[in-house]
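Remarks on the overall topology
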Amino acid sequence: MGELSTLQNIGNKVEQQLNEVGIRTINQLFETGSKQAWLRIKEIDDSACINRLYALEGAIQGIRWHDLSEIVREELREFYNTYKKLNK
């Protein structure tokens, strides 16, 4: 597809979703950050789960999402859980 799918963890589906929410380049993803990119995707795909958030952060860091540090994973879990509480 495009340049976003050259990043770790970003397949065609996630790239398409990023494009739909106005993120078309690697630099735009880096500038937007994983949390904001995930929130935008969540608006168009309610099935977007924590693993997609991890995948976006891993893409930004240039690593597989499974290799994110525990500190980063915990920060993202807190963000995700706060989102869920506020959007019940």
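All figures in this text were calculated on a predicted structure; none of them were measured in a lab.

Before going further, it helps to examine the overall build of the protein chain. Tallying secondary structure elements over the protein chain gives five helices and zero strands in all. Each helix and strand of the protein chain, placed in order from N terminus to C terminus, yields the pattern α-α-α-α-α. Against the globule reference of 12 Å for 88 residues, the protein chain gives a C-alpha radius of gyration of 12 Å, in line with a compact fold. Counting only C-alpha atoms, the protein chain reaches 35 × 30 × 20 Å along its principal axes.

Another point: the pattern of salt bridges. Inspection of the entire model under this criterion finds five salt bridges. Here the salt bridges share partners, and the residues they tie into one network are Glu 70, Glu 74 and Arg 77.

Attention now moves to the environment of Asp 67. Position of Asp 67 among the secondary structure elements: in the loop between helix 4 (50-61) and helix 5 (70-86). C-alpha of Asp 67 to C-alpha of Tyr 54: the two residues are 13 residues apart in sequence and 9.7 Å apart in space.

A word on the packing of aromatic side chains. Throughout the structure, instances matching the rule amount to four aromatic pairs. Note on Trp 38 and Tyr 83: the rings are 5.1 Å apart at their centroids and 85° apart in plane angle, and the pair reads as edge-to-face. Taken together, the residues Trp 38 in helix 3 (residues 34-44) and Tyr 83 in helix 5 connect sequence positions 45 residues apart. Ring centres of Tyr 54 and Trp 65 lie 5.6 Å apart, and the angle between their planes is 25°; on these two criteria the pair is classed as stacked.

Now for the nonpolar core. Core analysis: the biggest nonpolar cluster contains 24 residues, and Leu 4, Leu 7, Ile 10, Leu 18, Ile 23, Leu 29 and Leu 56 have the highest contact counts within it. Secondary structure elements with two or more residues in this core: helix 1 (12-20), helix 2 (26-32), helix 3, helix 4 and helix 5. The greatest single-element share of this core, amounting to six residues, is contributed by helix 4.

It is worth spelling out helix 3 at this point. For helix 3, the set of buried residues is Ser 34, Ala 37, Trp 38, Ile 41 and Lys 42. Here the buried residues of helix 3 occupy an arc of 140° about the axis, which is enough to place them on one side. Structurally, helix 3 contributes buried residues whose contacts are with helix 1, helix 2, helix 4 and helix 5.

Along the polypeptide, Arg 52 turns up in helix 4. Setting aside residues up to four positions removed in sequence, Arg 52 forms contacts with Lys 13, Val 14, Gln 17, Trp 38, Ile 41, Asp 45 and Ser 47.

What follows concerns unusual backbone geometry. Even without a glycine there, the phi angle at Asn 9 is positive, about 75°. With respect to the helices, strands and loops of the structure, Asn 9 is situated in the segment before helix 1. According to the relative accessible area criterion, Asn 9 is partly exposed, its value standing at 24%.

How each quantity is defined
Residues numbered from 1 in each chain as written. Predicted model: local features only at pLDDT ≥ 70, side-chain atom pairs only at ≥ 80, totals over all residues. Heavy atoms only, no water. Helix = DSSP H or I, 4+ residues; strand = E, 2+ residues; numbered from the N terminus. Rg over C-alpha atoms; globule rule 2.2 N^0.38 Å. Salt bridge = Lys/Arg side-chain N within 4 Å of Asp/Glu carboxyl O. Phe/Tyr/Trp six-rings, centres within 6.5 Å; stacked < 30°, edge-to-face > 60°. Core = buried A, V, L, I, M, F, W, Y, C linked by side-chain atoms within 4.5 Å. Buried < 20%, exposed > 50% of the residue type's maximum accessible area, 1.4 Å probe, protein only. Arc of directions from axis to C-beta. Contact = heavy atoms within 4.5 Å.

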